[in-house]
Amino acid sequence: MKDAAEKLFLTQPAISKTLKELEGILDTTLMLRSRAGVTLTQQGELFLHFAQNSLASLELGMSRLEASETLGAERLNVGVLPSVAASLMPDVITEFSALAPHATLRISDGPHGFLTERLRLGELDIVIGRLGDPDMMQGLTFTQLYTENVEFVVRKGHPLSGSTDVQSITNYLVLYPPPAAAITALVKTFLAANNVGEIPNRVESVSGALGRVFIRRSDAVWIISGGVVANEIEEGLLERLPFDTSPTRGPVGLLTRSDATELPIQHVFLTTLRSVLAHRQKDSASVER
């Protein structure tokens, strides 16, 4: 409370009085006070989420008033892995466009190395991707958002449907991640642990557009991040082979340049992104119960 009072240039009694009035209006308790400090209640966490959205909108509005000559010209360049583009971005775009209807999102997808290089060059403001090798992360900061598995995917009715024999994929053409893909090292380690050596009969690509069509029309096996095919698996268009791919689980998060200054429009985007992820976590928790 002391830190909040100093930040707002108010006294602690004034902060306490305002909080009590707010709790009276909402008819709920937002904070619990103890000797250890102050913690948010569940209702407080919910209220904070919407308050942050409101503040983000206010900041965006103020930035537009201060630069009225460029009103509507804000643009955010976002790079995303194919798994993020397929699974996360549709919901983020929907919420972002409602929150900032005059702003423009320019979204590029591609392999990890391609995106991080464009981020370093300043062509992208943000990248949402996996944590790369230390050498590839120099000058960049990474903030984890969630984790994701690599999956082995086939068409419905494939001869390998239901098989747990990882070595059996070598009998088929494999759509395999290229060297620059963030998941390649994880895939190599997983295959080696299951006594699968080099796969000669393969096509290297992380193209979602290619994979979704080609896999449904052939007996090929697709090795890809789970987010790329989550919708197709849920809709029954593709099938996940029942391999235990938990060792391939890796973090997906925000990549930014260490020396970059966060723009108001970027703050709005990040608020929207975290809102979508929070809703998904709640939905997932409800399903598990």
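Throughout what follows, the structure given in this document is the object of discussion. Quantities reported herein were computed from a predicted structural model and do not represent experimental measurements.

## Concerning the overall build of the chain
- Along the chain, the regular secondary structure elements total 10 helices and 12 strands.
- Taken across its 289 residues, the chain has 41% of its residues classed as buried.
- Long-range contacts, defined as pairs at least 24 residues apart, comprise 74% of the intrachain contacts of the chain with a sequence gap of at least 6.
- Entry remark: accessible area of the chain is about 16000 Å², with carbon and sulfur atoms responsible for 54%.

## As for the environment of Arg155
- Considering the arrangement of structural elements, one finds Arg155 in strand S7 (residues 150–155).
- Remark: the alpha-carbon pair of Arg155 and Ile215, spanning 60 residues in sequence, is separated by 5.9 Å.
- Contact partners of Arg155, with chain neighbours within four places excluded, come to Ser161, Ile215, Arg216, Ser218, Asp219, Leu238 and Glu239.
- A polar side-chain atom of Arg155 sits 3.3 Å from the main-chain carbonyl oxygen of Gly157.

## Here we look at helix H6 (residues 112–120)
- Every buried residue of H6 is accounted for by His112, Leu115, Thr116, Arg118 and Leu119. On an axial view of H6, the arc spanned by its buried residues comes to 160°, and they lie on one face.
- Looking at the buried side of H6, the elements it contacts are strand S3 (75–80), strand S4 (104–109), strand S5 (126–130), strand S6 (140–148) and strand S12 (250–257).
- Where H6 terminates, the next one or two residues include Gly122, which has phi positive at roughly 85°.

## Quick look at empty space enclosed by the protein
- In this structure the tally under the stated criterion is 1 cavity of 30 Å³ or more.
- For the lining of the largest cavity, the elements supplying multiple residues, two or more each, are helix H4 (82–87) and strand S10 (221–225).
- Broken down by class, the residue content of the lining of the largest cavity amounts to 9 nonpolar, 4 polar and no charged.

## So, the packing of aromatic side chains
- Under the counting rule described, the total for this entry stands at 3 aromatic pairs.
- Summarising the aromatic geometry, the rings of Phe96 and Phe269 are spaced 6.0 Å apart at their centres and angled 70° between planes, so their arrangement reads as edge-to-face. Of this pair, Phe96 sits in helix H5 (residues 89–99) while Phe269 sits in helix H10 (residues 264–288), placing them 173 residues apart in sequence.
- A relative accessible area of 2% means that Phe96 is categorised as buried.
- If you follow Arg202 out to its NZ or CZ, it ends over the ring of Tyr176, 4.4 Å from the centre.

## Some remarks on the sheet that holds strand S8 (residues 174–176)
- Strand order in the open sheet formed by 5 strands is S9-S8-S10-S7-S11, with mixed pairing between adjacent strands. Looking at which strands have only one partner, the edges of the open sheet turn out to be strand S9 (202–204) and strand S11 (238–240). For this sheet the average axis-to-axis angle between neighbouring strands, irrespective of direction, equals 30°.
- Of the pairings in the sheet, the one linking S8 to S10 comprises 2 bridges and is parallel in character. Among the inter-strand pairings, Leu175 is bridged to a residue of S10, identified as Trp222.
- In this fold helix H9 (residues 226–234) packs onto S7, S10 and S11, with an angle of close to 115° to the strand it touches most, S10.

## Here we look at a nonpolar patch on the surface
- On the surface, a cluster of nonpolar side chains totalling about 290 Å² of accessible area is made up of Ile25, Leu26 and Phe47.
- Within the secondary structure layout, Phe47 lies in helix H3 (residues 42–66).
- Phe47 gets classed as partly exposed once you look at its relative accessible area, which sits at 35%.

## Some details on unusual backbone geometry
- Despite not being glycine, Asp27 has its phi angle at roughly 55°, a positive value.
- Relative to the assigned elements, Asp27 resides in the loop between helix H2 (12–26) and strand S1 (31–34).
- In this structure, Asn195 is a non-glycine residue whose phi angle is positive, near 60°.
- Residue position: Asn195 is located in the loop between helix H7 (184–193) and S9.
- Taking relative accessible area as the criterion, Asn195 reaches 62% and is therefore assigned exposed.

## Let's talk about the sheet that holds S12
- Sheet architecture is open: 5 strands sit in the order S4-S3-S5-S12-S6, paired in mixed fashion. The open sheet is flanked by S4 and S6, the only strands paired with a single partner. Averaged over neighbouring strand pairs, the angle between their axes works out to 20° when direction is ignored.
- For S6 and S12, the ladder comprises 8 bridges, and the chain directions are antiparallel. Residue Thr143 lies in a different strand from S12, and its bridge partner there is Leu254.
- This element, H6, spans S3, S4, S5, S6 and S12 of the sheet and lies at about 25° to S12.

Thresholds applied
- Along each chain, the written sequence defines residue order, and numbers are assigned to residues from 1.
- Two thresholds apply to this predicted model, a pLDDT of at least 70 for residue-level local features and 80 or more for giving and counting side-chain atom pairs, whereas whole-chain, interface and lining totals are computed over all residues.
- As a rule here, side-chain values cover all heavy atoms of the structure and leave hydrogens and water aside.
- In this text, helices come from DSSP runs of H or I with a minimum length of four residues, and strands from runs of E with a minimum of two, each type numbered from the N-terminal end.
- Each residue is assigned to one of three classes by its accessible area relative to the maximum for its type, calculated with a 1.4 Å probe on protein chains only: buried under 20%, partly exposed between the two thresholds, exposed over 50%.
- Every residue pair with non-hydrogen atoms within 4.5 Å of one another is taken to be in contact.
- Computed with a 1.4 Å probe, the accessible areas rest on the Shrake-Rupley method; for each residue, only the protein chains presented here act as cover.
- The term polar contact refers here to a pair of N or O atoms within 3.5 Å; inside protein, the definition further demands a hydrogen-donor-capable atom paired with an acceptor-capable atom, and it admits residues adjacent in sequence only when both atoms are side-chain atoms.
- Picture the helix axis, draw a direction to every C-beta atom, and the arc is the one those directions span.
- Residues are called lining when one of their atoms sits within 4 Å of a cavity or pocket point, these points coming from a 1 Å grid over the protein atoms alone, where a cavity is a set in which a 1.4 Å probe fits but cannot get out and a pocket is an open set with protein on both sides within 12 Å along at least five of seven lines.
- Grid points are joined across faces, edges and corners, and a volume is the space filled by probe spheres set on the points.
- When residue character is reported, Ala, Val, Leu, Ile, Met, Phe, Trp, Tyr, Cys and Pro are called nonpolar, Asp, Glu, Lys and Arg charged, and the others, Gly included, polar.
- Centres within 6.5 Å make a pair out of two Phe, Tyr or Trp rings, where for Trp the six-membered ring is used; the pair is then stacked when the planes are under 30 degrees apart, edge-to-face when over 60, and tilted otherwise.
- A ring has a charge above it when a Lys NZ or an Arg CZ is no more than 6 Å from the ring centre and no more than 35 degrees off the ring normal.
- When DSSP finds two or more bridges between two strands, those strands count as paired.
- Inter-axis angles, ranging from 0 to 180 degrees, are taken between N-to-C directions of lines fitted to C-alpha atoms, where helices are fitted over the stretch in contact.
- For patch detection, residues must exceed 30% relative accessible area and be free of salt bridges, and they are connected within 9 Å for like charges or within 5 Å for nonpolar side chains (Val, Leu, Ile, Met, Phe, Trp, Tyr).
- Think of a salt bridge as a Lys or Arg side-chain nitrogen and an Asp or Glu carboxyl oxygen that are within 4 Å of each other.

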